Amino acid sequence: MKDFRIERETRGNVQLVHLSGSLDMYSFTRLETQINSLFHQGQYCVVLDCRDLDYIGSAGLGALIGFAKQAREHSGDLKLLNVPDRIFKIIELLGFTKVLEVHTGEDSALESFTAS
Amino acid sequence: MAEALKGISVSCSNGEVFVRVVGRGTFQNGQPLRRYALEMMGHGYHQFIIDLGQCQGMDSTFLGMLAGIGLRLQQDNRKGQVHVVEVGPRNLELLQTLGLDRLFDVQTTNNFQVREAVPADADYKRLPDTDIADLTKPLNKNDTADLMLEAHDNLIRADHRNVDRFQDLTKFLRENVEKRAANEQKRKDDTP
């Protein structure tokens, strides 16, 4: 099981957050802390790059909905990028794709904020 | 550990149900264990021993499903309980975070009390389709959503502090389940 890692970079007014490893009940509090810290700084446009994510548990999935909701309340959003197939299948199965925007390219994810 | 035991294996002996989780316990393999537990409760089994010695981690749905077993045993006043044994530090933290250490009898790797009649390895049988790395059937959308909702409702019933943690998820799942029920009802009504 790979350790969960978070790396963040700023792209214009969007925060691009790279996730790797397993996002489980144990590690998701770290993501929660990171996202809450961004929100406290007034950064409500967030893209989570999931390319190197190998697992996501139900608590992690639930938390993403909560983050997206909070971001939208402040005219921002939380979007997903490069979601691996096996994780996308789960997100889609549970209907989360109806509330979470999923992108396959970094440019489209970043530009979607200026378009909206 | 033999490859055959990867996933969730079960056995019963002396009125006790033994469950061994090898690998992860998640919403992907929680349903077979839930069904088995209900069946065994129906047969009068009240003590469930969950061995987490080889469990790499559990998600909230799996933990909520276990909480459901514990709550049902309590609610029916059967003097039954879920005993979670061989709990390592990581899984212990999960149980404590969700307040389940107050619902279950938790025995860590340090304070594990060996039971009189622990089944031999050969007596365990693996529940079908519980090795999440090798699921043979795709998950059913409705069953998975129902399990997730029920499990998170259980976590909230077990410890009210979980409301804040899971309210967005339960709201989303409940809305979907209600929408689905309304659609099914409409389909029935429309059928001549």
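Owing to the predicted nature of the structure, the values given are computational and were not obtained by experimental measurement. (Residues numbered from 1 in each chain as written. Chains lettered and ligands numbered in written order. Predicted model: local features only at pLDDT ≥ 70, side-chain atom pairs only at ≥ 80, totals over all residues.)

## Quick notes on the interface of chain B and chain A
Consideration 1: Counting residues at the interface gives 20 residues for chain B and 15 residues for chain A.
Consideration 2: Breaking the side of chain B that touches chain A down by element, the ones donating at least two residues are β4 (55-58), α2 (60-75), α3 (89-97), α4 (141-158) and α5 (162-190) of chain B.
Consideration 3: With five residues, α5(B) is the largest single contributor of residues to the side of chain B that touches chain A.
Consideration 4: Of the residues that constitute the side of chain B that touches chain A, the class distribution is eight nonpolar, seven polar and five charged. (Contact = placed C-beta atoms within 7 Å. Helix = DSSP H or I, 4+ residues; strand = E, 2+ residues; numbered from the N terminus. Nonpolar A, V, L, I, M, F, W, Y, C, P; charged D, E, K, R; others polar.)

## Quick look at unusual backbone geometry
Residues and elements named next belong to chain B.
Consideration 1: A positive phi angle, near 50 degrees, is found at N14, a position not held by glycine.
Consideration 2: Tracing the backbone shows N14 in the loop between β1 (7-13) and β2 (16-25).
Consideration 3: Unlike most non-glycine residues, E86 shows phi in positive territory, near 55 degrees.
Consideration 4: Within the secondary structure, E86 sits in strand β5 (residues 81-87).

## Some words on α5(B)
Consideration 1: Taking 1.5 Å per residue as the helical rise, α5(B) with its 29 residues ought to reach 42 Å, and the 40 Å between its terminal C-alpha atoms agrees with that figure.
Consideration 2: Along α5(B), the sharpest change in direction is near 40 degrees and occurs at B:D168.
Consideration 3: Those residues of α5(B) that are buried lie in contact with α2 (58-73) of chain A together with α4 of chain B. (Expected span 1.5 Å × (residues − 1). Bend = angle between axes of the 7 residues up to and from the residue.)

## Things to note about the pairing of β1(B)
Residue and element names in this part refer to chain B.
Consideration 1: The pairing of β1 with β2 spans seven bridges and is antiparallel. Within β2, the residue paired with S13 across the bridge is E16.
Consideration 2: In the sheet, β1 pairs with strand β7 (residues 125-126) via two bridges, with the strands oriented antiparallel. Bridge assignment links V10 to a residue of β7, and that residue is K125. (Pairing = 2+ DSSP bridges.)

The values are spatial; any link to function lies outside them.
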